[in-house]
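These are the residues of each chain, in order.
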Amino acid sequence: MNQSRENIYSLKGFGKVFRFTLIQTLKNKGFILTAVMMILMMAFMKPMMYGFSKSGSNVAKKALSTSLSEIEAEKLYIYNETDYSMDMSHVTPDTGNPQEKGLKIENVKVYNKSESSEENLIKELGAKDILVVIRAEARKYMVNAIVSDSSEVAVKSMDSAAEYTREAFEGARKDQMKLDPETLQSLNSGISTGSVLTESEMHAEEEKSMSTREFGAIIMGFALIIMLVSSLSSSYIISSVNEEKSSKLAESLLVSVRPMALLMGKIIGMLSFVIGTILLGVIGSTIADYIMENVVHADMSIVNSTAGINLGIFTSYGVDGLIVLLVEVLFALASFGVLSGIMGAACSKTEDQQNATSVVMMLTVVGYMLCIVMGMQDKHVEILSLVPPVSYFMAPVSYIGGRINIGMLLASFAIQAVLLVGLVMLSAKTYRNLLLSDSSKPKLAAIFKAAKM
């Protein structure tokens, strides 16, 4: 009944708990080792991706000998949107020995941007035709193979057509460039042939700010970061709360520290540690990027088109991108942290800790897996970006990747904020009673019972 006369949202004693939690975290060798590993991964992920992509590119160049005989199609249209000029002299060499089904050189047509348009060429596509478009994008060139929606052309032939066009375009660029140092750097900039599109897919891709491959890389990177830090912080909070409860230390602490302060001090302490780790990773990644671009003079644009996990995302999309990603980290860790505190306080003995941890881990893993498995499908992006716990992993990446607009992102943040406020209110009503309870009832029943007291 004493609880009814006190402010259940009081944060008296918050500072003491916060400092204690942060100090204990910094003394924990496991947390320090994990933090160092994450900082190093964030700092060196993009240079490693660059090294892998360059290595793969060199291997591919040694094996290149694409010929028209490898393209089983009736017609090949090449549309060049760049400032370099192409003509038939660039596509006739090295045609190989045409087989019966191979493309004939007389069925290859080359158009520069002043000679036709992409829309007109798409209209001319038959079921056995291929259109390859060369585009200039920032510091790289994209070579996309496009076919009609009713296409009968095999994917292998579309890939061969894109590769054949890439080689021809490289030859055209070399013919028109003086090989001084600056020109050489431009010549070696990335030419990606990573996508094959139908007409409808092409128009959908034009609305996006990044390729599907780059989008997949940042989904995997951000989702992995959220899952790791949420799992670690939740595990720490549950074990800390359960230890205080089992040792009866909680009863002593509640004399001078309010329940909300006891819980929030732990959560904010862990949040500070995690955010500090990420910021150090951002600094390391920024330094690595500067060295790669200004000392090594590496073309980092090819990293964006490389498949894999991008842990350097916090420095890849400007200040706005950094803010959006960090806000989502705060929402995710705060929500999982409050839930962990409630679940930890609901444990009546040490053996219950594993069950409490499993509940939070299950929610984290479900969010992570749904994001990875379904996040690449455009029809699911908006729904996944609005529904927690998947939205913690999905929403900021979808916004940065051009899959949702700012209104949808703010709606996602609003839903997460409402959920967080609800969890905080639940913890304020239940935390003291759960800490002082030794109930053996099912945990959810114990939590709702404590909320009514």
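Residues numbered from 1 in each chain as written. Predicted model: local features only at pLDDT ≥ 70, side-chain atom pairs only at ≥ 80, totals over all residues. Heavy atoms only, no water.

S.K.: Help me understand the overall build of the protein chain in this model?
M.R.: Summing up its helical and strand segments, the protein chain has 15 helices and five strands in all. A buried classification covers 50% of the 453 residues belonging to the protein chain. The contacts in the protein chain between residues at least 6 apart in sequence include a share of 79% that link residues at least 24 apart. Counting only carbon and sulfur atoms, one obtains 61% of the accessible surface of the protein chain, whose full area is about 21,500 Å². (Helix = DSSP H or I, 4+ residues; strand = E, 2+ residues; numbered from the N terminus. Buried < 20%, exposed > 50% of the residue type's maximum accessible area, 1.4 Å probe, protein only. Contact = heavy atoms within 4.5 Å. Areas by Shrake-Rupley, 256 points an atom, 1.4 Å probe, with all protein chains shown as cover.)

S.K.: Honestly, a nonpolar patch on the surface in this entry has me stumped. Any pointers?
M.R.: Together, Leu 280, Ile 283, Ile 287, Tyr 290, Ile 291, Val 295 and Val 296 make up an exposed nonpolar region whose accessible area comes to about 680 Å². Structurally, Val 296 is set in the loop between helix 9 (259–295) and helix 10 (318–345). (Patch = residues over 30% accessible without salt bridge, like charges linked within 9 Å, V, L, I, M, F, W, Y side chains within 5 Å. Salt bridge = Lys/Arg side-chain N within 4 Å of Asp/Glu carboxyl O.)

S.K.: Sorry if this is basic, but what is going on with the pairing of strand 1 (residues 75–80) here?
M.R.: Within a regular beta strand, the side chains point alternately toward one face of the sheet and then the other, so they alternate between its two faces. Most of strand 1 sits out of view: five of its six residues are buried. Pairing of strand 1 with strand 3 (residues 129–137), which is carried by six bridges, proceeds in the parallel orientation. Bridge pairing in strand 3 links Tyr 79 to Val 133. The sheet contact formed by strand 1 and strand 2 (residues 108–112) spans five bridges and is parallel. Its bridge partner lying in strand 2, Tyr 77 is registered against Lys 109. (Pairing = 2+ DSSP bridges.)

S.K.: Before we go on, may I ask you to explain the packing of aromatic side chains in this structure?
M.R.: On inspection of all chains with the given rule, the structure shows nine aromatic pairs. Consider the rings of Phe 14 and Phe 18, whose centres lie 6.0 Å apart with planes at 20°: the pair is stacked. With Phe 14 and Phe 18 both in helix 1 (residues 14–27), this residue pair falls four residues apart, about one helical turn. On the basis of an interplanar angle of 70° and a centroid distance of 6.4 Å, the ring pair of Tyr 368 and Phe 393 is categorised as edge-to-face. With a gap of 25 residues between them, Tyr 368 in helix 11 (residues 352–374) and Phe 393 in helix 13 (residues 390–400) connect regions that are remote in the sequence. (Phe/Tyr/Trp six-rings, centres within 6.5 Å; stacked < 30°, edge-to-face > 60°.)

S.K.: Mind showing me how you'd approach the packing of helix 11 against helix 13 here?
M.R.: In a packed pair of helices, the relevant descriptors are the angle between the two axes and the axis-to-axis distance. Where helix 11 contacts helix 13, the two axes come as close as 7 Å, and the packing angle between them is 40°. In terms of their interaxial angle, helix 11 and helix 13 are classed as oblique. Facing helix 11, whose interface residues are Thr 364, Gly 367, Tyr 368, Leu 370 and Cys 371, helix 13 presents Val 390, Phe 393 and Met 394. Taken together, the residues of the contact of helix 11 with helix 13 break down into six nonpolar, two polar and no charged. (Axes fitted to C-alpha atoms, helices over the stretch in contact; angles between N-to-C directions. Parallel < 35°, antiparallel > 145°, perpendicular 65-115°, else oblique. Nonpolar A, V, L, I, M, F, W, Y, C, P; charged D, E, K, R; others polar.)

S.K.: How do you make sense of the pairing of strand 4 (residues 140–147) when you look at a structure like this?
M.R.: Across the eight residues that make up strand 4, a large majority, eight, are buried. Taking every second residue as pointing to the same face, both faces of strand 4 are buried, with Lys 140, Met 142, Asn 144 and Ile 146 on one and Tyr 141, Val 143, Ala 145 and Val 147 on the other. The sheet contact formed by strand 3 and strand 4 spans seven bridges and is antiparallel. Each residue of the ladder has a partner; that of Glu 137, found in strand 4, is Lys 140.

S.K.: Would you take a moment to explain the environment of Gly 269 for this structure?
M.R.: If you trace the backbone, Gly 269 turns up in helix 9. Between the C-alpha atom of Gly 269 and that of Arg 19, which follows or precedes it by 250 residues, the distance is 7.1 Å. Setting aside residues no more than four positions away along its own chain, Gly 269 makes contact with Phe 18, Thr 21, Leu 22 and Met 264.

S.K.: What am I meant to see in the side chain of Ser 398 here?
M.R.: Among the structural elements, Ser 398 can be located in helix 13. Given the relative accessible area of 0%, Ser 398 is considered buried. In this structure, Ser 398 is in contact with Phe 215, Val 381, Ser 385, Arg 403 and Ile 404, ignoring residues within four places of it in sequence.

S.K.: What is the right way to look at the packing of helix 9 against helix 10 in this model?
M.R.: In contact at an axis separation of 10 Å, helix 9 and helix 10 are set at 150° when each is read in the N-to-C sense. Overall, the two elements helix 9 and helix 10 adopt an arrangement that is roughly antiparallel. The handedness of the crossing between helix 9 and helix 10 comes out as right-handed. From helix 9, Leu 263, Met 264, Ile 267, Leu 271, Val 274, Ile 275, Ile 278, Leu 279 and Val 282 reach across to helix 10, where they touch Leu 322, Leu 326, Val 329, Leu 330, Leu 333, Ala 334, Gly 337, Val 338 and Gly 341. (Left-handed = near helix turned anticlockwise from the far one by under 90°.)

S.K.: Any chance you could explain the pattern of salt bridges here in plain terms?
M.R.: Two side chains carrying opposite charge are able to pair once their charged atoms lie near each other. Going through the model one piece at a time under the given rule, you end up with five salt bridges. Here Arg 135 makes a salt bridge to Glu 81, at a shortest N to O gap of 3.9 Å. One end of the pair, Arg 135, is in strand 3; the other, Glu 81, is in the loop between strand 1 and strand 2, with 54 residues separating them in the sequence. Its salt-bridge partner being Lys 113, residue Asp 83 comes within 2.7 Å of it at the nearest N-O pair. Placement of Asp 83 in the loop between strand 1 and strand 2 and of Lys 113 in the loop between strand 2 and helix 3 (118–124) is noted, with a sequence separation of 30 residues between them. The exposed category is assigned to Asp 83, whose relative accessible area is 70%.

S.K.: Where do I start with the confidence of the model for the protein chain in this structure?
M.R.: Atomic detail in the predicted coordinates should be set aside for any region of low pLDDT. Of all residues in the protein chain, 76% attain a pLDDT of 70 or more, and the chain-wide mean is 78. Taken as a whole, residues 179–190 scores under 50 in pLDDT and shows 22 contacts with residues more than four places along the chain or in a different chain. Low pLDDT, under 50, characterises residues 199–208; the stretch is placed with 23 contacts to residues that sit more than four places away or in other chains. (pLDDT = per-residue confidence, 0-100.)

S.K.: Just to check I follow, could you spell out the nonpolar core for this structure?
M.R.: A general feature of soluble globular proteins is that nonpolar side chains tend to end up buried together. Phe 222, Ile 278, Phe 314, Val 329, Val 338 and Phe 393 are the most contacted members of the largest nonpolar core, which has 77 residues in total. Contributing elements (two or more residues each) for this core: helix 2 (29–63), helix 7 (212–246), helix 9, helix 10, helix 11, helix 12 (378–386), helix 13 and helix 14 (406–436). For Phe 314, the contacting residues outside a window of four places in its chain are Met 42, Phe 222, Ile 225, Ile 278, Val 282, Leu 322, Leu 325, Leu 326 and Val 329. Counting residues in hydrophobic clusters, the runner-up holds 26 residues, among them Tyr 84, Val 110, Val 143 and Phe 169. (Core = buried A, V, L, I, M, F, W, Y, C linked by side-chain atoms within 4.5 Å.)

S.K.: Is there a simple way to think about helix 12 in this case?
M.R.: Think of an α-helix as turning once every 3.6 residues; residues three or four places apart then point the same way. Every buried residue belonging to helix 12 is among His 380, Val 381, Leu 384 and Ser 385, and all of these are buried. Each buried residue of helix 12 lies within a common arc of 130° when the element is viewed along its axis, so the set occupies one face. Exposed residues pointing more than 90 degrees away from the buried face of helix 12 are listed as Lys 379 and Ile 383. (Arc of directions from axis to C-beta.)

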